[in-house]
Amino acid sequence: MMQAHSGQTASPLLAVRDVSVVFGGIVALNGISFDMKKGQILGLIGPNGAGKTTLFNCLSRLYQPSKGDILLEGDSILTRPPHRIAEVGIGRTFQNVALFPNLTVLDNVRVGTHSRTNSDIVSDSLRLPWIRNGEKAMNKRVHAILDYLELGSVAHTVVSGLPFGTQKRVELARALAAEPKILLLDEPAGGLNHEEVYILGDLIRKIRDDRGITVLLVEHHMGLVMSIADHVVALNFGRKLAEGTPTQVQNDPDVIKAYLGSKDQ
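Quick summary incoming for the structure in this document.

Conventions used here
- Residues numbered from 1 in each chain as written.
- Predicted model: local features only at pLDDT ≥ 70, side-chain atom pairs only at ≥ 80, totals over all residues.
- Heavy atoms only, no water.
- Pairing = 2+ DSSP bridges.
- Helix = DSSP H or I, 4+ residues; strand = E, 2+ residues; numbered from the N terminus.
- Contact = heavy atoms within 4.5 Å.
- Axes fitted to C-alpha atoms, helices over the stretch in contact; angles between N-to-C directions.
- Left-handed = near helix turned anticlockwise from the far one by under 90°.
- Nonpolar A, V, L, I, M, F, W, Y, C, P; charged D, E, K, R; others polar.
- Buried < 20%, exposed > 50% of the residue type's maximum accessible area, 1.4 Å probe, protein only.
- Patch = residues over 30% accessible without salt bridge, like charges linked within 9 Å, V, L, I, M, F, W, Y side chains within 5 Å.
- Areas by Shrake-Rupley, 256 points an atom, 1.4 Å probe, with all protein chains shown as cover.
- Salt bridge = Lys/Arg side-chain N within 4 Å of Asp/Glu carboxyl O.
- Core = buried A, V, L, I, M, F, W, Y, C linked by side-chain atoms within 4.5 Å.
- Domains from an automatic or database assignment.

So, about the sheet that holds strand E2 (residues 26-36). The pairing of strands in a sheet comes from backbone hydrogen bonds and takes either a parallel or an antiparallel form. As summarised here, the arrangement of the four strands in space is E2-E1-E4-E5, forming an open sheet in which the pairing is antiparallel. Two strands close off the open sheet at either side, each with one partner strand: E2 and strand E5 (75-76). Taken together, the five bridges between strand E1 (residues 14-23) and strand E4 (residues 67-72) define a ladder with antiparallel strand orientation. Residue pairing for E4: Ser-20 is matched across the bridge by Lys-67. Packing against the sheet, helix H1 (residues 52-59) makes contact with E1, E2 and E4, and its axis sits at approximately 120 degrees to E1.

Structure below.
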């Protein structure tokens, strides 16, 4: 990881600036700000209803903040529609796997490369040479990702017939196929057993280390977050409760109170 020169602070890869979201008078997020550095794994935690999913959906452009800004490498992403967000380098997975159930693993992952192709319908239909070359490169990349995530043996299997844990890996492969700068993982441990969660933690770290991808993780599984995150942001009732290293956040009295309730309640 690149270090900033002494006396200088490297500018953040992603900056969330005073983001608020109001739904019909309900304040879902209230003035949230934090930075993500390149190469970081950042855990976003909080009890149910804390605003984690709302913030996550702002980052992936499914929601438009009522106030504030979100900057990727200094440029606002809020002018981009959701279907153009992969182009700037933001990939995501979903809490409930959002794959095409009747397509094979290979075809599902190919979908992820779409934001990285420059083809158009005329060139595609004419099978122009540059399209064929692009397809070859794309297929090579897709197969490399499948091998990387140990999905090569199920490449031609229809997704709906695979175990849930494997489907989650397919979704991760599809997100990686878009070559993101930032990977947004929405409850990746949901529905996994203890052993699968442990393997997932190693995999997320490996992706960061091997591919230089920055990871934002929204997760209920505290063990996973605290074991792999470099930095943790805790939310509660739409506000930022605490921020810091996993140890700092775990030991923060406000975070403990939010999760466990105070003794005098």
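The next point concerns the packing of helix H2 (residues 105-112) against helix H5 (residues 164-177). Interaxial distance between H2 and H5 falls to 6 Å at its minimum, and their mutual angle equals 35 degrees. Once H2 is placed against H5, the crossing between them reads as right-handed. Where H2 abuts H5, its residues Val-105, Asn-108, Val-109, Val-111 and Gly-112 lie against Val-170, Ala-173, Arg-174 and Ala-177. When its residues are assigned to classes, the contact of H2 with H5 shows six nonpolar, two polar and one charged.

Take Glu-196: it is sitting in helix H6 (residues 194-211). Note on Glu-196: relative accessible area 30%, which makes it partly exposed. Setting aside anything within four residues of it in sequence, one finds Glu-196 in contact with Gly-165 and Gly-191.

Among the structural elements, Val-158 can be located in the loop between helix H4 (129-148) and H5. For Val-158, a relative accessible area of 34% translates into the label partly exposed. The sequence separation of Val-158 and Asp-107 amounts to 51 residues, and the corresponding C-alpha distance is 9.2 Å. Beyond its immediate stretch of four places on either side in the chain, Val-158 contacts Pro-101, Asn-102, Leu-103 and Thr-104.

This paragraph deals with a nonpolar patch on the surface. A cluster of nonpolar side chains, contributed by Phe-23, Ile-26, Leu-62 and Tyr-63, occupies part of the molecular surface with about 380 Å² of accessible area. Summarising the element assignment, Ile-26 is placed in strand E2. You can call Ile-26 exposed: its relative accessible area is 56%.

Take the nonpolar core next. By size, the foremost hydrophobic cluster in this structure holds 45 residues, and its most contacted members are Val-105, Val-109, Leu-146, Leu-149, Val-170, Ile-204 and Ile-207. When residues in this core are grouped by element, the largest group, six residues, is from H5. A domain-level breakdown of this core finds at least three residues from each of domain 1 (11-89 + 180-264) and domain 2 (99-179). Excluding anything up to four places from it in sequence, Ile-207 contacts Tyr-148, Leu-149, Leu-172, Leu-176, Gly-212 and Ile-213. Counting residues in hydrophobic clusters, the runner-up holds 30 residues, among them Leu-14, Ile-32, Leu-44 and Leu-184.

With mixed pairing, six strands are arranged side by side in an open sheet as E6-E7-E8-E3-E9-E10. Each end of this open sheet is capped by a strand with a single partner; those strands are strand E6 (90-92) and strand E10 (239-244). Neighbour-to-neighbour, the strand axes of this sheet turn through a mean angle of 20 degrees, independent of strand direction. For strand E9 (residues 231-236) and E10, the ladder comprises five bridges, and the chain directions are antiparallel.

Turning our attention to the pattern of salt bridges. Applying the stated rule across the entire model yields 14 salt bridges. The partner of Asp-209 in a salt bridge is Arg-208, with the nearest N and O atoms 2.6 Å apart. On the accessibility criterion, Asp-209 (53% relative accessible area) is exposed. We classify Arg-208 as buried; its relative accessible area is 13%. Residue Lys-240 pairs with Glu-243 through a salt bridge whose shortest N-O separation is 2.6 Å. Each of the salt bridges in this network shares a partner with another, and the network as a whole consists of Arg-80, Arg-84 and Glu-87.

The values are spatial; any link to function lies outside them.
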